[in-house]
Amino acid sequence: MKDLCWFTVGGLAALLLSGLAVAAPPTAKRGSSQFVQTDGASFTVNGSKFRYVGTNSYWLPVLNTDEDIWNTLGNISAVGAKVVRVWAFNDVATAPSNGTWFQSIQNGTVSINDGPNGLQKLDTVVQMAEQHGLYVMMTLTNNWFPSASNSTGSSLQARGGTTETTLPRNYLSNDYGGMDLYVRQFGLQYHDQFYTDEKILNAFKNFTSQIVSRYVNSPAVFSWELANDPRCNSTLPTSSSCTTETITQWHATMAEYIRSIDPNHLISSGNQGYMCPDCPKLYPLNPAPAPQPSPAPGSKKRSVPVTTKQLLRKRAESRRLNRRAAKLAGKLKEDGIRVRGRWAATATRRQQSAEVGPAYDGSYGVDSQDIMNIPDISFGTFQLFPDQDTYTPSDPSLSSYQNSVNSGVDWITNQAQSADAVGKPLIMTAFGLVTQDNAADFVPFNTTTAPYASGTSSGVTNQRQRATIPYGVTNQQQTDAYSTWLNTSVSLNLAGMIQYQWGELNLTAETGTTISPGVTGISSSSGTTGTTSSSDTTGVSPNDGYSSNTNSDAIQGVLSSTAQNIGSD
């Protein structure tokens, strides 16, 4: 561990007033070497290429002590990580009596909390990250806020969520406010009005300007991420007018606005990476890449965008190879019909590949290539969560686990091809796989319910069956999957890979805050509580099903090994 050099919030605030937190005119040009910059498909800083492994810690600003923030960042740095992704927003409808909050949004009126339990907490994170040699990716809002009311009770249930658990505010990643809170508090109906309503746009620009100008001269900021997982759909209904062009235009508007304030830092989307090869483009590749002849030996063939034809051809070839391998291994179960002594595909199987699926057809209103090609967007982003997304149809020749691993490899490969066609760096901003040890704590991003906690309903219909078929992968399978995905990313020259999410033990617990005494997640013995009566003064970091605490040594080993691998390039 590095030497302890943390500050009190008050002392840090005084320090920051002299430089970091002052919205002074920018003193550095965009090309300055102290800020992370792009060079083609790479990042550079201080005149050198910068490629990294990172981790997500959305909850860092809500920790109860500066020492906890310092120690967490020190442990992250110790594994070789260089970037930590943090929620730089924390929206409430009414200021809570305990805990951290950054912005109040109530009945169309917004106010910023610049106090010790407000943005001064974010100041602490940025300052301490810099001391540990870490960069901070600052996420400005979230697509997800699945709360049905705007009250500020002590639990998701009290605030109108549908959960059967009682977890403190800010415990789950989707409990920090975000787009749907804006929509509700401005009296509107549809989720996608966040992207188009003038009053909401102005309110979000106001918050964005407060954050961006606060750190405009800080080299510790890696980038401004416009939103986590922006898309047309969320908990609130979606209007019939939301399309990929709606989401792309919002990105262009916000990126241009941030660039007008901050010439120093990179700007990114934060989207999941959904594609739509056949959707109309606001920012088409110009000129559109034409089919290329075979390259000369030793040279690289120019990439072309991912196409629907390519997707369907690759899937058919993959299924063919997998079935052949399963047949040779004696594991193939033939499910067609015999025609003259040979197996023929059923009509269902013949039609299986007719569609590319929602990850590639624009169903979510996201065209990641069009967003990436916006001039003020610095690099591409995508996420990988096979527990919550379907990237390719499952291959019946493979196990569920192998399907998850393979679909992840395919997703990473297609993302790399898309970014290469645009000519910008690419980052996997979050990836995760739920283990059996984490299953009880798993809360999908669009809900407040833990479906696999004991006592709650799930896709498995009876408790006896659930006991024999646990949800999630083993710790070893998670480790192997992460290794495969990271190795694939390295081989395809991704510029950054960020694990979701970091886990930390021995944190200071205070009653009424996110890290409260006895809060260890959703109890495996009772699906109706996330707390246990306890006088403990130590706590653990939040866990929505992906915390590394349950497999920490192995995950940290994989991250460290990858960091060393790319560091030797």
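Residues numbered from 1 in each chain as written. Predicted model: local features only at pLDDT ≥ 70, side-chain atom pairs only at ≥ 80, totals over all residues. Heavy atoms only, no water.

S.K.: What am I meant to see in the state of the cysteines here?
M.R.: Disulfides are covalent bonds that link the sulfur atoms of two cysteine residues. By the definition in use, this model includes two disulfides. Note that C232 is cross-linked by a disulfide to C242, the S-S spacing being 2.0 Å. Looking along the S-S bond of the C232-C242 disulfide, the torsion reads about -85°, which is the left-handed sense. Taken together, the residues C232 in the loop between strand 10 (221-225) and helix 7 (244-261) and C242 in the loop between strand 10 and helix 7 connect sequence positions ten residues apart. (Disulfide = S-S within 2.5 Å. Helix = DSSP H or I, 4+ residues; strand = E, 2+ residues; numbered from the N terminus.)

S.K.: Which parts of the structure should I look at to understand the confidence of the model for the chain?
M.R.: Detailed reading of the predicted model is not advised wherever pLDDT is low. Across the chain, the average pLDDT comes to 84, with 77% of residues at or above 70. Taken together, the stretch residues 1-31 has pLDDT below 50 and engages in 71 contacts with residues farther than four places along the chain or on a different chain. Confidence drops under a pLDDT of 50 for residues 336-353, and excluding neighbours within four residues, the segment shows 18 contacts in the predicted structure. (pLDDT = per-residue confidence, 0-100. Contact = heavy atoms within 4.5 Å.)

S.K.: Help me understand the pattern of salt bridges in this model?
M.R.: Pairing of side chains with opposite charge becomes possible as their charged atoms draw close. The final tally for this structure, using the stated rule, is six salt bridges. Linking D229 and R231 is a salt bridge whose minimum nitrogen-to-oxygen distance equals 3.0 Å. On the basis of relative accessible area, R231 is assigned to the buried category, the value being 6%. Of the charged contacts, one joins K314 and D410 as a salt bridge, the two residues approaching to 3.4 Å between their closest N and O atoms. (Salt bridge = Lys/Arg side-chain N within 4 Å of Asp/Glu carboxyl O. Buried < 20%, exposed > 50% of the residue type's maximum accessible area, 1.4 Å probe, protein only.)

S.K.: Even after reading the chapter, I still don't get the pairing of strand 14 (residues 380-384), so can you show me in this structure?
M.R.: Among the five residues that make up strand 14, five are buried, leaving the element largely enclosed by the rest of the structure. Here strand 14 shows a buried face lined by G380, F382 and L384 and a second buried face lined by T381 and Q383. Between strand 14 and its parallel partner strand 15 (residues 426-431), the chain crosses via helix 11 (residues 400-422), and the hand of that crossover is right-handed. (Right-handed = clockwise from strand over helix to strand, strands pointing away.)

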